[in-house]
Amino acid sequence: MTLAWRRRAAGAALLAALASAGPVAAAAAEPRAVVFDGAAALRHVERLVAIGPRPAGSPASGQARKYIAEELRRVGARVEVQSFDAETPHGRLAMANVVGVLPGRRAEAILIGGHYDTKWFRDVRFVGANDGGSSGGFLLELARRLAAGPREYTYWIVFFDGEEARETWTARDSLYGSRRMAGELQRTNRLPRAVIVVDMIGDRHLNIRPEALSTAWLTEAIWASARRLGYQAHFLPDPQVVEDDHAPFLRAGVPATLLIDFDYPPWHTADDTLDQVSARSLQIVGEVLLQALPAIEERLGASGGGTRR
Ligand SMILES: [Zn+2]
């Protein structure tokens, strides 16, 4: 579960910022090179779903982790499996975040992540094609694409474990992997310069809204990219509040944002299956994110190494 609470009317300031950000440039969009292969991302989603339900701490979760690590190594990323024990309402569970490191000219890192666990249900066979599957598949294709080019910043492609609550979403029963990682990085003074989290971005009816508590400039950089590419039909202006794996980093003072399509009727039901997920949606999000990165890197460069906001 990722929705902590939701206020349709929230984020008026962000909405105003988005509205004043400049003219819609759909007609003037640059020619679209294929920069992200949505079909390849979907094939990864299919492999993950084929494993079956993948709740944190399960053998199937370990299988998903093995697949992710192998695919990251295949594209040349250095892989770190960061194991930890989490105290949950179901007792202590072994979890692990997986990090694909793509070194850049700078050691400073931009973290792009999402969760790979699926929500545990007692009675429902929940395979999480969109919720847990789409983020995993998307990030593997993104890693392939980012590994191919020269990089100014170091990229951490992070697959968070234990995003889902075991029972009811609370501060202690949710976001196990991202809370763990943000805490550890803060403690050792190694926080990234920016964090972008994706979740449920494979819905074939793609409607992504700005997350109202996220860092405004970072969100706007992505929505500006969507406008340049003519994807306003999928990147809507109306903000919402959603707690997800970006939240522990926001609380640690790191600029962070979330891309999520929460307009998804099969959410946390047995109907969150592969037929709900489309290569096209994954492709759109991939293009938008990749197109946004130069502006994000420029902004980080301008704000200097010591400034986190
Ligand atoms: Zn969920």
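Here the structure is a predicted model, which is why all the values come from computation and not from measurement. What you see as residue numbers is a count from 1 along each chain, following the sequence as written. Two thresholds apply to this predicted model, a pLDDT of at least 70 for residue-level local features and 80 or more for giving and counting side-chain atom pairs, whereas whole-chain, interface and lining totals are computed over all residues.

Participant: I'm lost on the environment of Ala292 in this one. Help?
Facilitator: Strands are runs of DSSP state E lasting at least 2 residues, helices are runs of H or I lasting at least 4, and numbering of each runs from the N terminus. On the secondary structure map, Ala292 appears in helix H8 (residues 279-303). Between the alpha carbons of Ala292 and Ser225 there is a distance of 5.3 Å; along the sequence they are 67 residues apart.

Participant: Hey, could you run me through the sheet that holds strand S4 (residues 154-160) in this one?
Facilitator: Consider a sheet: its strands pair through backbone hydrogen bonds, and that pairing is either parallel or antiparallel. Here, a strand pair is defined by DSSP locating no fewer than two bridges between the strands. Read across the sheet, 6 strands follow the order S1-S2-S4-S3-S5-S6 without closing on themselves; strand pairing throughout is mixed. The sheet is open, and its two borders are formed by strand S1 (78-88) and strand S6 (256-260), each paired with just one other strand. Averaged over all pairs of adjacent strands, the angle between their axes in this sheet comes to 20°, without regard to strand direction. As defined by bridge partners, strand S3 (residues 109-115) adjoins S4 across 7 bridges and the pair is classed as parallel. Across the sheet, the residue bridging to Ile112 is Ile157, located in S4. Orientation is described by axes fitted as lines to C-alpha atoms, over the contacting stretch for helices, and by angles from 0 to 180 degrees between their N-to-C directions.

Participant: How should the nonpolar core be read in this particular structure?
Facilitator: Burial of nonpolar side chains together is a common tendency in soluble globular proteins. Grouped together as the largest cluster of nonpolar side chains are 78 residues, with contacts concentrated most on Ala143, Tyr155, Ile157, Ala194, Val285 and Val288. Among the elements that take part in this core, H8 stands out by supplying 9 residues, more than any other. Here the contact rule is simple: place C-beta atoms from the backbone, and any two residues whose C-beta atoms are within 7 Å are in contact. Other than its neighbours up to four places away in sequence, Ala143 contacts Leu72, Val75, Ala77, Gly100, Leu102 and Ile157. In plain words, the nonpolar core is the set of buried Ala, Val, Leu, Ile, Met, Phe, Trp, Tyr and Cys residues that C-beta atoms within 7 Å link up. Burial is judged by counting other C-beta atoms within 10 Å of a residue's own C-beta: 20 or more means buried, 12 or fewer means exposed, and anything between counts as partly exposed, with every C-beta placed from the backbone.

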